[in-house]
Amino acid sequence: MAIWNLGSINLDLVYSLSRFPTPGETLAAGEFERFLGGKGANMSVAAARAGATVHHIGAAGHDGAEIVQKLSDFGVDVTEVVPVEQPTGHAVIYVVDNKDSDEAGENQIVLFPGANRALTFEQVENALSGAQAGDVFVTQNETNMQVEACQIAAQKGLRVCYAAAPFDAASVASVLPYLDFLILNQIEADQLFDETGQRPEELGIKDVIVTLGGDGARHIDGTSGEITTSRAFDVEVVDTTGAGDTFTGYVLAALEAGQTMRTAMETASRAAAVMVTRRGTADVIPTMAEVTSADLA
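On a predicted model such as this, the values are computed, not experimentally measured, just so you know. (Residues numbered from 1 in each chain as written. Predicted model: local features only at pLDDT ≥ 70, side-chain atom pairs only at ≥ 80, totals over all residues. Heavy atoms only, no water.)

### Points about the overall build of the protein chain
(1) Moving on: Of regular secondary structure, the protein chain possesses 9 helices and 13 strands.
(2) Moving on: Computed over the C-alpha atoms, the radius of gyration of the protein chain is 18 Å, within 12% of the 19 Å expected from 2.2 N^0.38 for a compact globule of 297 residues.
(3) Moving on: Considered along the principal axes of its C-alpha atoms, the protein chain spans approximately 50 × 45 × 40 Å.
(4) Moving on: Long-range contacts, defined as pairs at least 24 residues apart, comprise 66% of the intrachain contacts of the protein chain with a sequence gap of at least 6.
(5) Moving on: Per element, the accessible surface of the protein chain, about 12,500 Å² overall, is 49% carbon and sulfur. (Helix = DSSP H or I, 4+ residues; strand = E, 2+ residues; numbered from the N terminus. Rg over C-alpha atoms; globule rule 2.2 N^0.38 Å. Contact = heavy atoms within 4.5 Å. Areas by Shrake-Rupley, 256 points an atom, 1.4 Å probe, with all protein chains shown as cover.)

Structural data, given as structure tokens:
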């Protein structure tokens, strides 16, 4: 069994600030760091570090060799990551590192999609030719070809999952007919209701997870209507960047490993809790050993 992830690959440029700038204001950053990032790459790394076999489907510019190699070094198969003429996607991330601020650990992100929007139908079709029925396919809203890839995956009998971020209600609605699994946060669930008139339990999807931030997460079984919850852990937040991606990668890997939904969500919540205590993105996603050994309240 394997996870096939059509996902973004970004160079993350992270600036640490005492607070967020106001319009027209210039602030000096206290620190600057470069990381492998992108919601897709983050999820691939998280799933790989949780023990899953992960195949990443994506694209990078000729300036992206370093970060594609990083993705490979983290245990992700990058055979289906192709070079394109467009620049590699990148994100400029502001993180507040002032512990006395109400915004401590929060982030603001400006994203340039670049190569992530240069995928072709042939590439996606060829990449998924190696997938087997029962494998997991996941994608997010940072690449093109989402609908086409979900359709191919569904036809091949893969379990099709959509992590609905960055959120766009119309994009979610376009892939709903192919989904077995949807992961989104509460605000996004409310926005999707505004678009479709349907609550998560009314979407006709077998599994829906709504993440609730500091209140944990809620799973809705679309067949039985049963609701399963998982708690959040009380930790000192350093940086929330990538926490949701870590949760998604871990929950998919845990389910692939045979864990129940309740246990998988607990494992993923632990991983996300460890993640927010670290500054960075894919480079600092915890391993399963770190997650299981973490002393969490």
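### Notes on the pattern of salt bridges
(1) Moving on: Inspection of every chain in the model, using the stated rule, returns 8 salt bridges.
(2) Moving on: The partner of Glu25 in a salt bridge is Arg19, with the nearest N and O atoms 2.5 Å apart.
(3) Moving on: Its relative accessible area of 28% is what places Glu25 among the partly exposed residues.
(4) Moving on: Note on Arg19: relative accessible area 35%, which makes it partly exposed.
(5) Moving on: Ionic pairing is found between Asp245 and Lys39, a salt bridge with its closest N-O pair at 2.6 Å. Here Lys39 lies in helix α1 (residues 39-49) and Asp245 lies in helix α7 (residues 243-256), a separation of 206 residues in the sequence.
(6) Moving on: If you follow the salt bridges from partner to partner, you end up with Arg159, Lys206 and Asp207 in one network. (Salt bridge = Lys/Arg side-chain N within 4 Å of Asp/Glu carboxyl O. Buried < 20%, exposed > 50% of the residue type's maximum accessible area, 1.4 Å probe, protein only.)

### Focus: the nonpolar core
(1) Moving on: Counting 45 residues, the largest nonpolar core has Leu36, Ile209 and Val251 as the members making the most contacts within it.
(2) Moving on: Mapped onto this core, the elements with two or more residues apiece are β2 (10-17), α1, β4 (54-61), α2 (65-73), β8 (136-139), β10 (181-185), α7 and α8 (261-275).
(3) Moving on: When sequence neighbours within four positions are dropped, the list of residues in contact with Val251 reads Ile183, Ile209, Ala264, Met265 and Ala268.
(4) Moving on: Among the nonpolar cores identified, the runner-up in size contains 36 residues, and Leu6, Ala115, Tyr162 and Leu203 belong to it. (Core = buried A, V, L, I, M, F, W, Y, C linked by side-chain atoms within 4.5 Å.)

### Topic: helix α4 (residues 146-155)
(1) Moving on: Inspection of α4 places Gln146, Ala149, Cys150, Ile152 and Ala153 among the buried residues, and these make up the whole buried set. The buried residues of α4 occupy an angular sector of 165° when projected down its axis, which confines them to one face.
(2) Moving on: If you follow the buried residues of α4, they end up packed against β1 (3-6), α3 (121-127), β8, β9 (159-163) and α5 (169-175).
(3) Moving on: The first or second residue beyond α4 is Gly157, which carries a positive phi of 85°. (Arc of directions from axis to C-beta.)

### Looking at the packing of α7 against α8
(1) Moving on: Viewed as axis vectors pointing N to C, α7 and α8 meet at an angle of 145°, and their least axial separation amounts to 8 Å. As α7 runs across α8, the sense of the crossing is right-handed. Contacts from Ala243, Thr246, Phe247, Tyr250, Val251, Ala254 and Leu255 of α7 reach α8 at Met261, Ala264, Met265, Thr267, Ala268, Ser269, Ala271, Ala272 and Met275.
(2) Moving on: Broken down by class, the residue content of the contact of α7 with α8 amounts to 13 nonpolar, 3 polar and no charged. (Axes fitted to C-alpha atoms, helices over the stretch in contact; angles between N-to-C directions. Left-handed = near helix turned anticlockwise from the far one by under 90°. Nonpolar A, V, L, I, M, F, W, Y, C, P; charged D, E, K, R; others polar.)

### Focus: the layout of surface pockets
(1) Moving on: Approximately 1,300 Å³ is the volume found for the largest pocket.
(2) Moving on: If you go around the largest pocket, you meet 47 residues; those closest to its centre are Thr240, Gly242, Ala243, Gly244 and Asp245.
(3) Moving on: At the level of elements, β2, α1, β6 (89-96), β7 (107-112), β10, α6 (186-196), α7 and α8 are the ones that each hand at least two residues to the lining of the largest pocket.
(4) Moving on: Looking at the lining of the largest pocket element by element, the count peaks at 5 residues for α7.
(5) Moving on: The residue inventory of the lining of the largest pocket, partitioned by class, reads 24 nonpolar, 16 polar and 7 charged. (1 Å grid on protein atoms, 1.4 Å probe; cavity = no way out; pocket = protein on both sides within 12 Å on 5 of 7 lines; lining within 4 Å. Points joined across faces, edges and corners; volume = space filled by probe spheres on them.)

### Examining the environment of Arg262
(1) Moving on: Along the chain, Arg262 turns up in helix α8.
(2) Moving on: Between the alpha carbons of Arg262 and Gly38 there is a distance of 27 Å; along the sequence they are 224 residues apart.

### Overview of a negative patch on the surface
(1) Moving on: Together, Asp168, Asp190, Asp194 and Glu195 make up a region of like negative charge exposed at the surface.
(2) Moving on: Among the structural elements, Asp190 can be located in helix α6. (Patch = residues over 30% accessible without salt bridge, like charges linked within 9 Å, V, L, I, M, F, W, Y side chains within 5 Å. Lys, Arg positive; Asp, Glu negative; His and termini not counted. Charge placed at Lys NZ, Arg CZ, Asp CG, Glu CD.)

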